[in-house]
Amino acid sequence: MSEPIVRVADLTKTYRSGDIEVRALRGVTFDVPAGELVTLKGRSGSGKTTLLNVLGGLEPPDSGSVHVAGHEITALDEDGLLRVRREIISYVFQSHGLIPVLSAAENVEVPLRLARMAPAERDERVRTLLALVGLADHAAQRPYEMSGGQRQRVAIARALANRPRLILADEPTGQLDSETAAQIMPLLRAVVRGEGVTVLTATHDPVLLGLSDRVLALSDGEIAEEPVPAA
Ligand code: ADP
Ligand code: MG
């Protein structure tokens, strides 16, 4: 097993609304080895989104620690988190989250602009990324001119733009039909191999688990590793 890129220790998180307490994470501990595709499974409400959000620094845990590529996420200030989110961790959401008025190419370019990459280099990187996700011929299309699967592929290209070490993908196929969904996981699989990035994805689609290197099952706020089912 390679060096872990993610180390999670004793993570807890409880949501309170009025008198109701939901213990979303009850002491979650695991590592993600670098260069693997790891899938978090668990039924709706089991805490998958909470866990990914805490890992990406989008919300704080109540206790416990998260290290990503040597950075202690739970101890970073706002600036530190912004830097980590620009350079180390990127997201693919269930709903693509693309900017509607921008073309596929311009959406992929956004993180490169934020990172102040020079224009010529930027154009080259955008072309490479769109080709990687099979959308070289769709660079000028806006999100509403693309299918759900194409939009999600643009979102993956955008997530790869700044060569992150870790991609967090929260039910990336959740809004796609099963045929389209079946194309996204192999793409993530290829990206893990080709770009050397680590992917942690949440899904409750059993068909997609077979492509993972490792399956973590989240149930009632606790986690256990399970064997990877045959694809
Ligand atoms: P999953 O992604 O596996 O469906 P979530 O992490 O979204 O699970 O939710 C885990 C539990 O925490 C659920 O019971 C959910 O209702 C609750 N929860 C999530 N976010 C909030 C919030 N902001 N406020 C209150 N409860 C929440
Ligand atoms: Mg969720």
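By the naming in an unreviewed UniProt entry, the protein chain is Putative ABC transport system ATP-binding protein, taken from Actinomadura namibiensis.

Here the focus is the pairing of strand S4 (residues 63-68). Summarising the sheet, strand S1 (residues 4-17) and S4 pair through five bridges and their orientation is antiparallel. Paired with Val-8 across the two strands is Val-66, which belongs to S4. Taking the residues between adjacent antiparallel strands as the criterion, S4 and strand S5 (residues 71-72) are bridged by two residues, where Ala-69 takes a positive phi near 50 degrees.

Of note, the phi angle at Arg-116 is positive, near 60 degrees, even though the residue is not glycine. Here Arg-116 is to be found in the loop between helix H3 (104-114) and helix H4 (119-132). One non-glycine residue, Arg-163, adopts positive backbone phi at about 50 degrees. Summarising the element assignment, Arg-163 is placed in the loop between helix H5 (148-160) and strand S7 (166-170). Take Arg-163: its relative accessible area is 56%, and that puts it in the exposed class.

Moving on to helix H1 (residues 48-55). One turn of the α-helix equals 3.6 residues, which is why residues spaced by three or four share an orientation. With seven of eight residues buried, H1 lies mostly within the body of the structure. Turning to H1, its buried residues number three or more, namely Lys-48, Thr-50, Leu-51, Leu-52, Asn-53, Val-54 and Leu-55. Positive phi appears at Gly-57, one or two residues downstream of H1, with a value of about 75 degrees.

Consider a sheet: its strands pair through backbone hydrogen bonds, and that pairing is either parallel or antiparallel. Pairing within the open sheet is antiparallel, and its four strands lie in the order S2-S1-S4-S5. Each of the sheet's edge strands pairs with one partner strand only, and the pair in question is strand S2 (20-33) and S5. As paired elements, S1 and S2 share eleven bridges and run antiparallel to each other. Paired with Lys-13 across the bridge in S2 is Leu-25.

Next up on the list: the packing of H3 against H4. Running from N to C, H3 and H4 point in directions that differ by 125 degrees, and their axes come no closer than 9 Å. Relative to H4, the element H3 is oriented oblique. The crossing of H3 and H4 is right-handed. Between H3 and H4, the residues in contact are Ala-104, Ala-105, Val-108, Glu-109, Leu-112 and Arg-113 and Arg-122, Asp-123, Arg-125, Val-126, Leu-129 and Leu-130, respectively. For the contact of H3 with H4, the per-class residue count stands at seven nonpolar, no polar and five charged.

What follows concerns the environment of Asp-62. Along the chain, Asp-62 turns up in the loop between H1 and S4. Of the residues examined, Asp-62 reaches a relative accessible area of 46% and is grouped as partly exposed. Through-space distance from the C-alpha of Asp-62 to that of Leu-11 is 7.5 Å; in sequence the pair is 51 residues apart. Separated by 2.7 Å, the side chain of Asp-62 and the backbone nitrogen of Thr-14 make a polar contact.

Conventions we followed
- Residues numbered from 1 in each chain as written.
- Chains lettered and ligands numbered in written order.
- Predicted model: local features only at pLDDT ≥ 70, side-chain atom pairs only at ≥ 80, totals over all residues.
- Heavy atoms only, no water.
- Pairing = 2+ DSSP bridges.
- Helix = DSSP H or I, 4+ residues; strand = E, 2+ residues; numbered from the N terminus.
- Buried < 20%, exposed > 50% of the residue type's maximum accessible area, 1.4 Å probe, protein only.
- Axes fitted to C-alpha atoms, helices over the stretch in contact; angles between N-to-C directions.
- Parallel < 35°, antiparallel > 145°, perpendicular 65-115°, else oblique.
- Left-handed = near helix turned anticlockwise from the far one by under 90°.
- Contact = heavy atoms within 4.5 Å.
- Nonpolar A, V, L, I, M, F, W, Y, C, P; charged D, E, K, R; others polar.
- Polar contact = N/O pair within 3.5 Å; in protein donor to acceptor, adjacent residues only side chain to side chain.

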